[in-house]
Amino acid sequence: QVQVVESGGGLVQAGGSLRLSCVASGRTLSPNVIGWYRQPPGKQREFVASIANGGTTNYVDAVKDRFTISRDNFNNTVYLQMNSLKPEDTAVYYCNFRQLGARGYWGPGTQVTVST
């Protein structure tokens, strides 16, 4: 079993920054991938970025030049640094831990609201 907890959400003005954190605990075996997803109001959950324990990263085009994902393997913590935030980044942000070849585990999510 794996437990996933996100933190760092909040209210920020357009152009501002936030850093989200995701901590995975329990049976966190490697190789694995930790990803950030988001669900805007009234829309489906969508992929934002991911990072493998070896360091390989992936981003959705909409955030490529603004968001940076990083991880601390020792503490099983992943960060999402979000800069130049836009109102369309408003969403509940979820973290997902997935050992390759196994099911993924979701956190409860953290709200990010970007005001104009």
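Presented here is a report on the structure given in the accompanying data block. The model shown is predicted, which means the values in this text are computed figures rather than measured ones.

Walk down a regular strand and you will see the side chains alternate between the two sheet faces. Note: strand E3 (residues 18–26) against strand E8 (residues 77–82), six bridges, orientation antiparallel. When the sheet's bridge partners are listed, Val23 is paired in E8 with Thr77. Pairing analysis gives six bridges linking strand E7 (residues 67–72) to E8, with the strands arranged antiparallel. Of the residues in E8, the one forming a bridge with Ile69 is Leu80. In sequence, E7 turns back onto E8 through a hairpin of four residues, with Asn76 there showing a positive phi of about 50 degrees.

To continue, consider the pattern of salt bridges. Per the counting criterion, the structure on display carries four salt bridges. Put simply, Lys64 and Asp61 hold a salt bridge, and the shortest N to O gap is 3.0 Å. Of the residues examined, Asp61 reaches a relative accessible area of 60% and is grouped as exposed. Each of Arg38, Glu46, Arg66 and Asp89 takes part in one network of salt bridges that share partners.

Of all hydrophobic cores here, the largest spans 26 residues; its most connected members are Trp36, Val48, Phe67, Leu80, Met82 and Tyr93. Those elements that place two or more of their residues in this core are strand E1 (2–7), E3, strand E4 (32–39), strand E5 (46–52), E7, E8, strand E9 (91–99) and strand E11 (110–115). Dropping the residues within four chain positions of it, Tyr93 is found in contact with Glu6, Leu20, Trp36, Tyr37, Arg38, Val48, Phe67, Leu80, Met82, Gly109, Thr110 and Val112.

What follows is about the side chain of Thr90. Among the secondary structure elements, Thr90 is positioned in the loop between E8 and E9. For Thr90, a relative accessible area of 14% translates into the label buried. Among the polar contacts made by the side chain of Thr90, one reaches the main-chain carbonyl oxygen of Pro87 at a distance of 2.9 Å. Among the polar contacts listed, one links the side chain of Thr90 to the backbone nitrogen of Val114, at a separation of 2.9 Å.

Applying the stated criterion across every chain, the model contains one disulfide. For Cys22, the disulfide goes to Cys95, at an S-S distance of 2.0 Å. What sets the handedness of the Cys22 and Cys95 disulfide is the S-S torsion sign, and at about -80 degrees it is left-handed. Separated by 73 residues along the polypeptide, Cys22 in strand E3 and Cys95 in strand E9 bring together distant segments of the chain. For Cys95, a relative accessible area of 0% translates into the label buried.

Attention now goes to the packing of aromatic side chains. This model, assessed by the stated rule, comprises three aromatic pairs. Here Tyr37 and Phe47 contribute two aromatic rings whose centre-to-centre distance is 5.6 Å and whose plane-to-plane angle is 75 degrees, an arrangement assigned as edge-to-face. Taken as a pair, Tyr37 in strand E4 and Phe47 in strand E5 lie far apart in primary sequence, 10 residues in all. Chaining the aromatic ring pairs together yields one cluster made of Tyr37, Phe47, Tyr94 and Trp106. Directly above the ring of Tyr94 sits Arg45, whose terminal nitrogen or CZ lies 3.7 Å from the centroid. The side chain of Arg103 reaches across the aromatic face of Tyr105, ending 4.0 Å from its centre.

Procedures and definitions
- Residues numbered from 1 in each chain as written.
- Predicted model: local features only at pLDDT ≥ 70, side-chain atom pairs only at ≥ 80, totals over all residues.
- Heavy atoms only, no water.
- Pairing = 2+ DSSP bridges.
- Helix = DSSP H or I, 4+ residues; strand = E, 2+ residues; numbered from the N terminus.
- Salt bridge = Lys/Arg side-chain N within 4 Å of Asp/Glu carboxyl O.
- Buried < 20%, exposed > 50% of the residue type's maximum accessible area, 1.4 Å probe, protein only.
- Core = buried A, V, L, I, M, F, W, Y, C linked by side-chain atoms within 4.5 Å.
- Contact = heavy atoms within 4.5 Å.
- Polar contact = N/O pair within 3.5 Å; in protein donor to acceptor, adjacent residues only side chain to side chain.
- Disulfide = S-S within 2.5 Å.
- Phe/Tyr/Trp six-rings, centres within 6.5 Å; stacked < 30°, edge-to-face > 60°.
- Lys NZ or Arg CZ within 6 Å of the ring centre and 35° of its normal.

Distances and angles like these do not, on their own, reveal function.
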